Amino acid sequence: MPPDHRRVMRQFVTGVCVAATYTDEPTGRRHDAVTVNSFTSLSLDPPLVALSLRHESRFLAAILASRHFAVSILSGQHEEIARTFAQDQDARARAVTSMGRPGRASGALLLDGPGWIECRLDRRISVGDHTMIVGEVLATGLGDNDGPLIFVEGEFRSLEVAKP
Ligand SMILES: Cc1cc2nc3c(=O)[nH]c(=O)nc-3n(C[C@H](O)[C@H](O)[C@H](O)COP(=O)(O)O)c2cc1C
């Protein structure tokens, strides 16, 4: 029997990001953020990006309501942050209060790191057991890149980037 889909895809190296959005409640704005590696660029003109979230994800429900989100690309020094935002929503809620700053274009939280993108929800596409969220890029930023955080074979690793 051939190896299953998941075992093969574990060999595929991805970057790691933190996606952020918020819920507006009578008591104020409640931020949330999750670790994702399904982030990808879909189009340059117009600029569109995508990420895939499980249909049942509470974070997905928040994006569909706010219609705005931000994605921060993580560096090799961010492994602890990646682990923190891969936890359940209660644990994330405690950590998110000290995370970054709200982006001007989206209102969602941004982290200092190699780069960030702020988006408005363009469309959602139901794909198997996930929902693909397509974002229209509203704003972008670049920061220090001392080597990206990567994910392969179910583990975080950091990649040394040789400086010219
Ligand atoms: C490296 C890594 C990448 C992940 N990528 C995704 C992803 O692309 N989509 C997703 O739905 N969850 C992903 N997760 C799981 C989320 O971080 C989080 O645990 C989950 O969305 C929480 O579900 P909730 O929104 O219902 O609380 C990833 C976790 C890790 C550690």
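Residues numbered from 1 in each chain as written. Predicted model: local features only at pLDDT ≥ 70, side-chain atom pairs only at ≥ 80, totals over all residues. Heavy atoms only, no water.

As annotated in an unreviewed UniProt entry, the chain carries the name Flavin reductase family protein and comes from Glycomyces niveus.

Focus: the nonpolar core
When a protein is soluble and globular, its nonpolar side chains tend to lie buried together. Put simply, the rule is: For our purposes a nonpolar core is just a set of buried Ala, Val, Leu, Ile, Met, Phe, Trp, Tyr and Cys residues, chained together by side-chain atoms within 4.5 Å. Using a 1.4 Å probe on the protein chains alone, a residue whose accessible area is under 20% of its type maximum counts as buried, one over 50% counts as exposed, and one in between counts as partly exposed. Secondary structure elements follow DSSP: runs of H or I no shorter than four residues count as helices, runs of E no shorter than two count as strands, and numbering proceeds from the N terminus. In this analysis, two residues are considered to be in contact whenever any of their non-hydrogen atoms come within 4.5 Å of each other.
Core analysis: the largest hydrophobic core is formed by 19 residues, its most contacted members being Val18, Ala33, Leu74, Phe85 and Met99. The leading source of residues in this core is strand S2 (residues 17–25), at three residues. Those residues in contact with Val18, other than ones at most four positions away along the chain, are Ala33, Val34, Thr35, Ala70, Val71, Ser72, Leu74, Ile81, Phe85, Met99 and Leu111. Formed by 17 residues, the second largest nonpolar core is a distinct cluster that contains Leu51, Val71, Cys119 and Leu121.

Concerning the site of the ligand
The condition is simple: By convention in these notes, a residue is near a molecule or strand provided one of its non-hydrogen atoms lies within 4 Å of it. Nitrogen and oxygen atoms within 3.5 Å of one another constitute a polar contact, given that in protein one can donate a hydrogen and the other can accept it, and given that sequence-neighbouring residues count only through two side-chain atoms. Surface exposure here means Shrake-Rupley accessible area, sampled with a 1.4 Å probe, where a residue is shielded only by the protein chains that are shown.
In the vicinity of the ligand, 15 residues are found, and the nearest of them are Thr35, Ser38, Ser52, Ser57 and Arg92. Contact distances for the ligand include 2.8 Å between a nitrogen atom and a backbone N or O atom of Ser52. One nitrogen or oxygen atom from the main chain of Arg58 is found 2.9 Å from an oxygen atom belonging to the ligand. When the free accessible area of the ligand is taken as 620 Å², the share hidden by the protein chains comes to 82%. The element best represented in the shell around the ligand is strand S5 (residues 47–54), accounting for three residues.

Concerning the UniProt feature "domain: Flavin reductase like" (unreviewed entry) in the chain
Keep this limit in mind: UniProt positions are given in the numbering used here, feature names are shortened, and annotations may be inferred rather than shown by experiment.
The UniProt entry lists residues 9–158 under the feature "domain: Flavin reductase like" (unreviewed entry), expressed in the numbering used here. With 16% helix and 51% strand, the stretch residues 9–158 has end C-alpha atoms that lie 19 Å from each other.

Focus on unusual backbone geometry
Geometrically, the link from Asp45 to Pro46 is a cis peptide bond, its omega value of 5 degrees lying close to zero. Residue position: Pro46 is located in the loop between strand S4 (40–44) and S5. Backbone geometry at Arg67 places phi at a positive 65 degrees, although glycine is not the residue there. Within the fold, Arg67 resides in the loop between helix H2 (58–66) and strand S6 (68–73). Residues other than glycine seldom take positive phi values, yet Glu153 does so here, at roughly 50 degrees. Mapped onto the elements, Glu153 comes out in the loop between strand S11 (149–152) and strand S12 (155–158). A relative accessible area of 36% places Glu153 in the partly exposed class.

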